[in-house]
Amino acid sequence: MRSEHLIWVAVAAIFAFLFIPIAVILLYAFSAAPIPAWPIAGFTLHWFADTWRNGAVRQALALSLEVAFLATLLAMLLGTLAAMAVARMRNAAKEVVSFIAVLPIALPGILTGMALAAYFSFWGINLSYWTIVAGHATFCVVIVYNNVVARLRRLPRSLAEASADLGADAFRTFRLVQLPMMASAIGAGALLAFALSFDEVIVTTFTAGAQNTLPLWIFGAIRLGQHLPEVNVVVFAIILFTVAPVLLAQRLIGDSGKAAR
């Protein structure tokens, strides 16, 4: 019994270590003081209105949403196709391709960012909106790929074979048999990819050029010591906005797991 209590104490300590700083940041968004300080002297909501009136924040928010949306679409397409190709492999190349597929997210973000910046420079591609999308898509693909390939491993090949025996071609089998069974995995991967892209900083630093996504705006404001109350409000919004797709993805994965059983 004592060991069980110790385990719960350890779990509580770990969660406290992880989430108390986040809770403090959330509280700072409501602090009346222009400079964050503890204890909080008073609470107010006027920083939210000031933040929304800041044109740079709205522009950075729009750019982050657009980039995350396009990167997620690319990830859904390329990640699903890659997962289906790997699932059909039956030789040693399967493990090699799987390793290469997950490499972009396994490498440190600074290496990925430097590699992308060097690649764009080599081909004379100016850093722009589309280089940010391409940079985000490199790691978002991995998220969708991992979800879909895990689902495909659980699907019996007999379903596709039965569809072919009944006269369906490959595309019809994919559309009517495989795609509906992969849909929740694709959706969960897309939600996680969107959340990851929306708050990405390191790769964006190397691919954005003069443009500012919302995380880059936060980084710049903190570095210069400017707009700190607005930074807290933006961080508050990003946390809520990022948690929502993660929870939805978890719900999709859980529901699909129950259906599979």
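Residues numbered from 1 in each chain as written. Predicted model: local features only at pLDDT ≥ 70, side-chain atom pairs only at ≥ 80, totals over all residues. Heavy atoms only, no water.

Before going further, it helps to examine the overall build of the chain. Secondary structure assignment for the chain yields eleven helices and zero strands. Helices (α) and strands (β) of the chain occur, in sequence order from the N terminus, as α-α-α-α-α-α-α-α-α-α-α. On the principal axes, the C-alpha backbone points of the chain span a range of 70 × 65 × 30 Å. Taken across its 261 residues, the chain has 35% of its residues classed as buried. Element-wise, carbon and sulfur atoms account for 72% of the exposed surface of the chain, whose accessible area totals about 15,400 Å². Of the charged side chains in the chain, 16 are positive and 11 negative; the average position of the first set lies 6 Å away from that of the second. (Helix = DSSP H or I, 4+ residues; strand = E, 2+ residues; numbered from the N terminus. Buried < 20%, exposed > 50% of the residue type's maximum accessible area, 1.4 Å probe, protein only. Areas by Shrake-Rupley, 256 points an atom, 1.4 Å probe, with all protein chains shown as cover. Lys, Arg positive; Asp, Glu negative; His and termini not counted. Charge placed at Lys NZ, Arg CZ, Asp CG, Glu CD.)

Secondary-structure assignment places Thr 207 in helix H9 (residues 202-207). With a relative accessible area of 0%, Thr 207 lands in the buried category.

Two numbers describe how helix H5 (residues 109-122) lies on helix H6 (residues 129-154): the axes approach to 11 Å, and their chain directions differ by 140°. Overall, the two elements H5 and H6 adopt an arrangement that is oblique. In the packing of H5 onto H6, the handedness of the crossing is right-handed. Counted together, Thr 112, Leu 116 and Phe 120 of H5 and Thr 131, Ala 134, Gly 135 and Thr 138 of H6 form the full contact between these two elements. Across the contact of H5 with H6, the residue classes break down as three nonpolar, four polar and no charged. (Axes fitted to C-alpha atoms, helices over the stretch in contact; angles between N-to-C directions. Parallel < 35°, antiparallel > 145°, perpendicular 65-115°, else oblique. Left-handed = near helix turned anticlockwise from the far one by under 90°. Contact = heavy atoms within 4.5 Å. Nonpolar A, V, L, I, M, F, W, Y, C, P; charged D, E, K, R; others polar.)

Let us now look at the pattern of salt bridges. Oppositely charged side chains can pair when the atoms bearing their charge come close. Counted under the stated rule, the structure contains one salt bridge. Arg 53 is the partner of Asp 50 in a salt bridge, and the nearest nitrogen-oxygen pair spans 2.4 Å. Of the two residues, Asp 50 and Arg 53 are both situated in helix H2 (residues 46-53); the distance of three residues between them amounts to about one turn of the helix. For Asp 50, a relative accessible area of 23% translates into the label partly exposed. Using a relative accessible area of 57% as the deciding quantity, one classes Arg 53 as exposed. (Salt bridge = Lys/Arg side-chain N within 4 Å of Asp/Glu carboxyl O.)

This next bit is on the packing of helix H3 (residues 55-88) against helix H8 (residues 170-198). Viewed as axis vectors pointing N to C, H3 and H8 meet at an angle of 145°, and their least axial separation amounts to 9 Å. Note on packing geometry: the crossing formed by H3 with H8 is right-handed. On H8, the residues that touch Leu 61, Ser 64, Leu 65, Val 67, Ala 68, Phe 69, Ala 71, Thr 72, Met 76, Thr 80 and Met 84 of H3 are Phe 174, Gln 178, Met 182, Ile 186, Ala 190, Ala 193, Phe 194, Ser 197 and Phe 198. By residue class, the composition of the contact of H3 with H8 is 15 nonpolar, five polar and no charged.

All right, on to the environment of Phe 241 then. Secondary-structure assignment places Phe 241 in helix H11 (residues 228-260). With relative accessibility at 37%, the residue Phe 241 sits in the partly exposed group. If near-sequence neighbours (up to four positions away) are discounted, Phe 241 is found in contact with Leu 65, Phe 194 and Phe 198.

Here Ala 134 lies in helix H6. Assessed through its relative accessible area of 32%, Ala 134 is described here as partly exposed. On a C-alpha basis, the gap between Ala 134 and Leu 27 in space is 35 Å, while along the polypeptide they are 107 residues apart.

Moving on, we come to H8. Along its 29 residues, H8 runs just 35 Å from first to last C-alpha, ending more than 12% under the 42 Å computed at 1.5 Å per residue. Along H8, the helix axis deviates most sharply at Leu 179, where the bend reaches about 55°; the proline Pro 180 sits within four residues downstream. (Expected span 1.5 Å × (residues − 1). Bend = angle between axes of the 7 residues up to and from the residue.)

Now for the packing of aromatic side chains. Summed over the entire model, instances satisfying the criterion amount to eleven aromatic pairs. Look at Phe 30 and Phe 236: their rings are 5.3 Å apart centre to centre, the planes differ by 85°, and that puts the pair in the edge-to-face class. Here Phe 236 lies in helix H11 and Phe 30 lies in the loop between helix H1 (2-28) and H2, a separation of 206 residues in the sequence. For Phe 236, a relative accessible area of 17% puts it in the buried group. Between Phe 198 and Phe 241, the ring centres sit 4.7 Å apart and the planes meet at 45°, which makes this aromatic pair tilted. Placement of Phe 198 in helix H8 and of Phe 241 in helix H11 is noted, with a sequence separation of 43 residues between them. According to the relative accessible area criterion, Phe 198 is buried, its value standing at 3%. An aromatic cluster of three or more residues is present, and its members are Tyr 119, Phe 120, Phe 122 and Trp 123. The positively charged end of Arg 58 is found above the aromatic ring belonging to Trp 52, 5.9 Å away from the centroid. (Phe/Tyr/Trp six-rings, centres within 6.5 Å; stacked < 30°, edge-to-face > 60°. Lys NZ or Arg CZ within 6 Å of the ring centre and 35° of its normal.)

Honestly, that's just the spatial picture; any functional story needs more than this.
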